[in-house]
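Given next are the chains, with one letter for each unit.
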Amino acid sequence: MKAFVYEKYGPPERLRLAEVDKPAPKADEVLVKVLAASVNAADWHVLRGKPLFSRATLGLLRPKHKILGVDIAGQVEAVGAEVTGFRPGDQVYANLLDHGYGGFAEYVAVPVDVVSPKPASLSFEEAAAVPMAAVTALQGLRRHGELQPTQRVLINGGTGGVGSFAVQLAKAAGAEVTAVTSTGNLELVRSLGADHVVDYTTTDFADGTRRYDYILDTVGNRSVPDFRRALAPGGKAAVTGFTSVPKLLAVSLRGGKDIAQVQAHVTTKDLELLSELIEAGKLRPQIDRRYGFADVPEAIAYLEQGHARAKVVVEAA
Ligand SMILES: NC(=O)c1ccc[n+]([C@@H]2O[C@H](COP(=O)([O-])OP(=O)(O)OC[C@H]3O[C@@H](n4cnc5c(N)ncnc54)[C@H](OP(=O)(O)O)[C@@H]3O)[C@@H](O)[C@H]2O)c1
């Protein structure tokens with residue numbers, strides 16, 4: 001089968017299109033024919049082996065996982081001997097971040113307990129856009145408990161992969177949503193449901209003028225004092241992204257209980273909840289760009305620039 005492989009950490013050009021063996025599903029796995037994949041920040045972090053401390057788990061000198069790609073949607077091709085819940089032909093989606101990656105390939109074997117039925121109303125490309133970003137948004141918004149409809153919620157990075165889902169999820173929970181983005185994306189974030197917008201090129205949301213009950217920072221470019229200034233009394237913040245290791249450490253070490261880092265883990269329970277919201281018309285993935293399979297390196301390079309308008313997807317090999 002075709003797959004993008006890499007043997008050394010480095011830039012997207014390190015990825016090489018190769019012919020590799022088609023995986024065989026183990027007893028508790030399903031073999032999925034990948035019909036679409038989406039690109040996530042995790043792909044370029046893992047490709048570059050950055051931050052450096054992440055190599056302790058990714059592989060100290062060389063990457064342990066040769067095929068990247070965490071979000072996939074596709075069709076079940078074959079099932080392992082112990083699998084009962086899925087059959088060949090079923091349409092599914094999954095996230096492989098905690099399960100060996102492997103999405104930028106024609107086929108991938110996936111443990112059955114991380115596979116979910118694809119939301120029927122979504123195309124394969126739209127479905128592939130969902131798992132990592134939408135679950136991170138969901139877990140980020142719930143980091144300090146369920147959102148309350150009366151809360152004033154601010155999403156920093158409202159038009160990114162995570163942010164575009166977070167704006168819609170916070171609206172679906174009934175919150176009053178403010179989204180922070182740049183001038184060219186103000187209309188996009190309004191169309192996702194934001195009640196208020198802040199253009200970060202002209203306005204600092206943390207100048208203390210307005211205060212929020214909950215802040216979800218998907219960018220990770222703010223300090224703990226910035227959050228304290230922008231939070232209402234009793235307010236909480238959750239941070240999914242980071243722009244430097246010192247910023248990441250500052251939140252972890254100085255944020256206390258109320259300003260916390262989020263480490264998302266995609267579960268089928270969360271995917272089922274997202275599927276329900278999608279089928280109820282309350283959540284819709286936004287696709288910025290579609291790339292052909294041969295252009296996986298270009299897709300990753302585009303996302304790495306940090307200004308994607310929602311999700312970037314890759315077509316089937
Ligand atoms: N913790 C986890 O489990 C987890 C899971 C997934 C992702 N992440 C992390 O979360 C972060 C976001 O991921 P993503 O997939 O949403 O990334 P992305 O799609 O690349 O999002 C980038 C967004 O950030 C916005 N942005 C850039 N500079 C900004 C600024 N100064 N102020 C406000 N917004 C700004 C951009 O808007 P403009 O184009 O308008 O500048 C763009 O919409 C990444 O750091 C990623 O590593 C963490």
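Located above this text is the structure these notes cover.
Residues numbered from 1 in each chain as written. Predicted model: local features only at pLDDT ≥ 70, side-chain atom pairs only at ≥ 80, totals over all residues. Heavy atoms only, no water.

With that settled, consider the pattern of salt bridges. Enumeration over the complete set of coordinates arrives at 16 salt bridges. As a salt-bridge pair, Arg142 and Asp270 come within 3.2 Å of each other at their nearest N and O atoms. Taken together, the residues span a long stretch of sequence, with Arg142 in the loop between helix 4 (131-141) and strand 8 (152-156) and Asp270 in helix 9 (residues 268-279) at a distance of 128 residues. The class for Arg142 is partly exposed, based on a relative accessible area of 30%. The salt bridge involving Arg222 is made with Asp226; its shortest N-O contact spans 3.0 Å. We note that Arg222, like Asp226, is buried. Residues joined in a network through salt bridges with shared partners are Asp204, Arg222, Asp226 and Arg229. (Salt bridge = Lys/Arg side-chain N within 4 Å of Asp/Glu carboxyl O. Helix = DSSP H or I, 4+ residues; strand = E, 2+ residues; numbered from the N terminus. Buried < 20%, exposed > 50% of the residue type's maximum accessible area, 1.4 Å probe, protein only.)

Here we come to the sheet that holds strand 12 (residues 231-239). The strand order 10-9-8-11-12-13 describes an open sheet built from six strands, whose pairing is parallel. Strands with a single pairing partner mark the edges of an open sheet, and in this sheet they are strand 10 (196-199) and strand 13 (259-261). Adjacent strand axes in the sheet meet at a mean angle of 15°, parallel and antiparallel pairs treated alike. (Pairing = 2+ DSSP bridges. Axes fitted to C-alpha atoms, helices over the stretch in contact; angles between N-to-C directions.)

Going through the model one piece at a time under the given rule, you end up with one aromatic pair. Between Phe4 and Phe293, the ring centres sit 5.4 Å apart and the planes meet at 50°, which makes this aromatic pair tilted. Here Phe4, found in strand 1 (residues 2-5), pairs with Phe293, found in the loop between strand 14 (287-291) and helix 10 (296-304); they are 289 residues apart in sequence, far enough to count as distant. Judged on exposure class, the residue Phe4 and its partner Phe293 are both buried. Looking at Lys22, its charged tip hangs above the ring of Tyr107, at a distance of 4.2 Å from the centre. (Phe/Tyr/Trp six-rings, centres within 6.5 Å; stacked < 30°, edge-to-face > 60°. Lys NZ or Arg CZ within 6 Å of the ring centre and 35° of its normal.)

What follows is about helix 5 (residues 161-172). With twelve residues, helix 5 extends 17 Å between its outermost C-alpha atoms, agreeing within 8% with the 16 Å of an ideal straight helix rising 1.5 Å per residue. Burial within helix 5 is extensive, with nine of its twelve residues counted as buried. Two residues or fewer past helix 5, Gly174 is found with a positive phi of approximately 90°. (Expected span 1.5 Å × (residues − 1).)

Let's shift gears to the site of the ligand. If you check the shell around the ligand, you find 27 residues, and the closest are Val162, Ser182, Tyr200, Val262 and His307. At 2.8 Å from an oxygen atom of the ligand is found a main-chain nitrogen or oxygen belonging to Val162. Within the complex, 86% of the 930 Å² of free accessible area of the ligand lies under protein. At the level of secondary structure, the elements contributing two or more residues to the shell around the ligand comprise helix 1 (41-48), helix 4 and helix 5. Looking at the shell around the ligand, its residues break down into ten nonpolar, 17 polar and no charged. (Near = heavy atom within 4 Å. Polar contact = N/O pair within 3.5 Å; in protein donor to acceptor, adjacent residues only side chain to side chain. Areas by Shrake-Rupley, 256 points an atom, 1.4 Å probe, with all protein chains shown as cover. Nonpolar A, V, L, I, M, F, W, Y, C, P; charged D, E, K, R; others polar.)

Quick look at the nonpolar core now. Of all hydrophobic cores here, the largest spans 65 residues; its most connected members are Phe104 and Leu141. Considering every element that reaches this core, the biggest residue donor is helix 4, with seven residues. Residue contacts for Phe104: discarding those within four places in its chain leaves Ala3, Phe4, Ala37, Ser38, Val39, Asp43, Ile67, Leu68, Gly69, Phe293, Val296 and Ile300. (Core = buried A, V, L, I, M, F, W, Y, C linked by side-chain atoms within 4.5 Å. Contact = heavy atoms within 4.5 Å.)

Let's shift gears to the pairing of strand 9 (residues 176-181). A large share of strand 9 lies buried, amounting to five of its six residues. Looking at chain direction, strand 8 and strand 9 are connected through five bridges and run parallel. Within the sheet, the bridge partner assigned to Val153 lies in strand 9 and is Val177. Note that the unit made of strand 8, helix 5 and strand 9 has a crossover that is right-handed. Summarising the sheet, strand 9 and strand 10 pair through four bridges and their orientation is parallel. Its bridge partner being in strand 10, Val180 is matched across the sheet by Val198. The parallel pair strand 9 and strand 10 is bridged by helix 6 (residues 186-191), and the resulting crossover is right-handed. (Right-handed = clockwise from strand over helix to strand, strands pointing away.)

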